[in-house]
Amino acid sequence: MKKSELRRLIARYQEVQIKMKKSQNNRLKKETGEIEQRYYHETGRNLKLDLKENTV
């Protein structure tokens, strides 16, 4: 997976997280899980931890 595809995946994850704050939707929870799983499969790292490290 290219860096640009990973960036798009992370951007989509953050977008879904913002939407989830506004409404608890099962479809959004499922999509979040799928994005996390795909990120882990491609990089071998946890998406949540990577985002926390970048913001600190």
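The structure under discussion appears in the preceding block.
Here the structure is a predicted model, which is why all the values come from computation and not from measurement. (Residues numbered from 1 in each chain as written. Predicted model: local features only at pLDDT ≥ 70, side-chain atom pairs only at ≥ 80, totals over all residues. Heavy atoms only, no water.)

Student: Would you mind showing me how to read the pattern of salt bridges here?
Tutor: Pairing is possible between side chains of opposite charge, provided their charged atoms come close. Enumeration over the complete set of coordinates arrives at 6 salt bridges. Notably, a salt bridge pairs Glu31 with Arg27, separated by 3.6 Å at the nearest N-O pair. Of this pair, Glu31 and Arg27 both sit in helix H2 (residues 26-43), separated by 4 residues, roughly a single helical turn. Across the pair Lys48 and Glu36 runs a salt bridge whose closest N-O atoms are separated by 3.8 Å. Of this pair, Lys48 sits in helix H3 (residues 47-55) while Glu36 sits in helix H2; the two residues are 12 residues apart in sequence, bridging distant segments of the chain. Taken together, the shared-partner salt bridges connect Arg12, Glu15, Lys19, Arg27 and Glu31 into one network. (Salt bridge = Lys/Arg side-chain N within 4 Å of Asp/Glu carboxyl O. Helix = DSSP H or I, 4+ residues; strand = E, 2+ residues; numbered from the N terminus.)

Student: Would you take a moment to explain the nonpolar core for this structure?
Tutor: Burial of nonpolar side chains together is a common tendency in soluble globular proteins. Core analysis: the largest hydrophobic core is formed by 7 residues, namely Leu6, Leu9, Tyr13, Ile35, Tyr39, Leu47 and Leu51. Elements supplying a minimum of two residues to this core: helix H1 (3-22), H2 and H3. With 3 residues, the top contributor of residues to this core is H1. The contact partners of Leu6, leaving out residues within four places of it in the chain, are Met1, Tyr39 and Thr43. (Core = buried A, V, L, I, M, F, W, Y, C linked by side-chain atoms within 4.5 Å. Buried < 20%, exposed > 50% of the residue type's maximum accessible area, 1.4 Å probe, protein only. Contact = heavy atoms within 4.5 Å.)

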